[in-house]
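One letter stands for each residue in the lines below.
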Amino acid sequence: MSDRPTHSGITVPLLWRRLAAASCAVAAIGCSSIPAPTEQLTRAEAAVQRAEQTRDVESAALSLRRAQDALSSAQTAMHEGDYIQAQMQAERAQVDAELALSQADSTRAKRSADDLANTIDVMRQEIRRVAPGGAR
Amino acid sequence: MTTHTYTVAVALIVIAGCASGPTLPARVNQVRSQYQMALGDAKLTQHASVPLYEARQAVEQMERASAEQEDEGRVETLAYVAERRLQIAQNRADQNLAASRMTELNQARDTLQLEARTREVEEARAQLAHAQRLSKQSRGLGARSDARGVVLTLDSVLFSTGKADLKPGAERVIERIASLLNAYPDRGILVEGHTDSVGSDDVNLALSRARADAVARALARDGVSADRIRARGFGKTQPIAGNDTASGRQQNRRVEIVIAQPSAGVEPDTQP
């Protein structure tokens with residue numbers, strides 16, 4: 001009908017170029033194209049802050065330290081535009097902060113129970129005590 | 001030439017990716033078996049069901065990422081998260097168990113406190129009955145109880161007029177009081193002297209103190225441990241009757257012996 005080139009008329013070098021472009025795009029999606037993990041970072045920051053503010057966090061010092069380090073790496077990566085790294089470090093920071101919090105909570109609960117058990121032992125001894133001359 | 005080399009390299013990477021199967025299979029297996037062990041732990045299933053559920057979600061996310069051949073960094077991060085979730089479940093289970101133990105301990109403590117209080121009340125009742133018997137047997141000895149404990153009142157007829165010395169006849173009364181006090185060896189004892197309002201404050205104070213001391217010494221002679229006793233003088237400051245009649249003044253001149261009630265918070269040293 002006309003002398004315009006048809007699809008079948010694409011030259012081989014052009015096909016190669018198109019394939020190369022497509023594979024680059026695929027590679028780019030796989031490697032670096034995720035949205036900025038702003039929400040995950042905010043969650044991690046909140047979790048670390050909660051862990052830092054909990055009472056008796058000394059019992060969870062190592063987990064807290066890991067959480068703080070990961071959060072700091074996440075913030076740096078975010079700043080440098082490495083969103084994948086930022087996402088992963090933020091996830092680690094959040095879970096380590098939650099771990100620190102759970103450790104502190106469980107240590108505190110166990111200590112309270114132990115303290116009360118001791119108080120009760122003392123009370124029992126006091127009640128059994130019949131020794132004379134016991135006034136203060 | 002360069003383009004060709006690049007193309008071959010990309011092809012190799014894609015092939016390698018396709019041929020290698022799931023990412024970090026050993027690591028994923030390790031975390032999965034940790035999770036399965038946790039599922040078999042009744043402590044966790046009973047006391048940390050929510051954290052365990054969250055751990056399961058993390059394990060599943062890790063397995064999906066591994067099956068979909070996501071890169072190692074991603075899968076390792078998810079494995080790390082899943083492991084931590086399992087530890088969190090352990091901690092939450094421990095915390096909940098400690099909380100249950102706390103509830104039981106609180107009940108045990110309440111029971112003990114109630115027992116102690118009941119025993120104290122019974123003991124105070126027995127003390128008062130004993131004191132009232134002594135009061136009936138002894139002239140010049142009164143018995144009552146107030147918030148501080150059982151109170152024995154030595155009337156001034158037991159003392160030489162205007163002096164601190166106990167009359168010879170008072171010895172028998174002191175002896176009986178001592179036997180009552182020695183029946184409750186762990187109670188503190190307050191010995192408190194009082195006068196009527198006749199005379200100067202200084203003289204009254206000195207007399208009330210001297211009488212309290214005399215009673216304390218007499219009790220100690222009859223075997224009451226001296227370190228249980230705190231003697232004080234109050235002069236005319238705490239009358240129990242009006243000072244305008246002879247009988248009122250007579251009542252005000254007295255020495256009180258208080259058998260302190262532990263729960264009334266009476267510490268001999270903190271008395272005014």
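What comes next is a walk through the structure. (Residues numbered from 1 in each chain as written. Chains lettered and ligands numbered in written order. Predicted model: local features only at pLDDT ≥ 70, side-chain atom pairs only at ≥ 80, totals over all residues. Heavy atoms only, no water.)

1. Side note on the sheet that holds strand β5 (residues 254-260) of chain B
Each strand in a sheet pairs with another by means of backbone hydrogen bonds, the pair being arranged parallel or else antiparallel.
Residues and elements named next belong to chain B.
Here's step 1: The sheet built from 5 strands is open, its strands ordered β1-β2-β5-β3-β4 with mixed pairing. Taken across any chain shown, the strands that pair with only one partner, and hence form the sheet edges, are β1 (141-146) and β4 (229-233). Averaged over all pairs of adjacent strands, the angle between their axes in this sheet comes to 20 degrees, without regard to strand direction.
Here's step 2: As defined by bridge partners, strand β2 (residues 149-155) adjoins β5 across 7 bridges and the pair is classed as antiparallel. Pairing of G149 across the sheet is with A260, part of β5.
Here's step 3: Contacting β1, β2 and β5, helix α5 (residues 72-137) crosses the sheet at an angle of about 160 degrees to β1.
Here's step 4: Its contacts with the sheet put helix α6 (residues 170-182) on β1, β2, β3 (189-194) and β5, and the angle it makes with β2 is roughly 170 degrees. (Pairing = 2+ DSSP bridges. Helix = DSSP H or I, 4+ residues; strand = E, 2+ residues; numbered from the N terminus. Axes fitted to C-alpha atoms, helices over the stretch in contact; angles between N-to-C directions. Contact = heavy atoms within 4.5 Å.)

2. Observations regarding the interface of chain B and chain A
Here's step 1: Taken together, the contacts link 38 residues of chain B with 34 residues of chain A.
Here's step 2: Both faces considered, chain B and chain A share a buried interface measuring about 3300 Å² in area, 62% of it formed by carbon and sulfur atoms.
Here's step 3: Across the contact surface, chain B and chain A share 6 salt bridges.
Here's step 4: Note that K110 of chain A and D94 of chain B form a salt bridge whose closest N and O atoms lie 3.8 Å from each other.
Here's step 5: For the pair chain B and chain A, the interface holds 7 residue pairs in polar contact (both at pLDDT 80 or more).
Here's step 6: When contributions to the side of chain B that touches chain A are tallied by element, the ones reaching two or more residues are α1 (2-19) and α5 of chain B.
Here's step 7: Classifying every residue of the side of chain B that touches chain A by side-chain character gives 15 nonpolar, 9 polar and 14 charged. (Buried area = accessible area lost by both parts, 1.4 Å probe. Salt bridge = Lys/Arg side-chain N within 4 Å of Asp/Glu carboxyl O. Polar contact = N/O pair within 3.5 Å; in protein donor to acceptor, adjacent residues only side chain to side chain. Nonpolar A, V, L, I, M, F, W, Y, C, P; charged D, E, K, R; others polar.)

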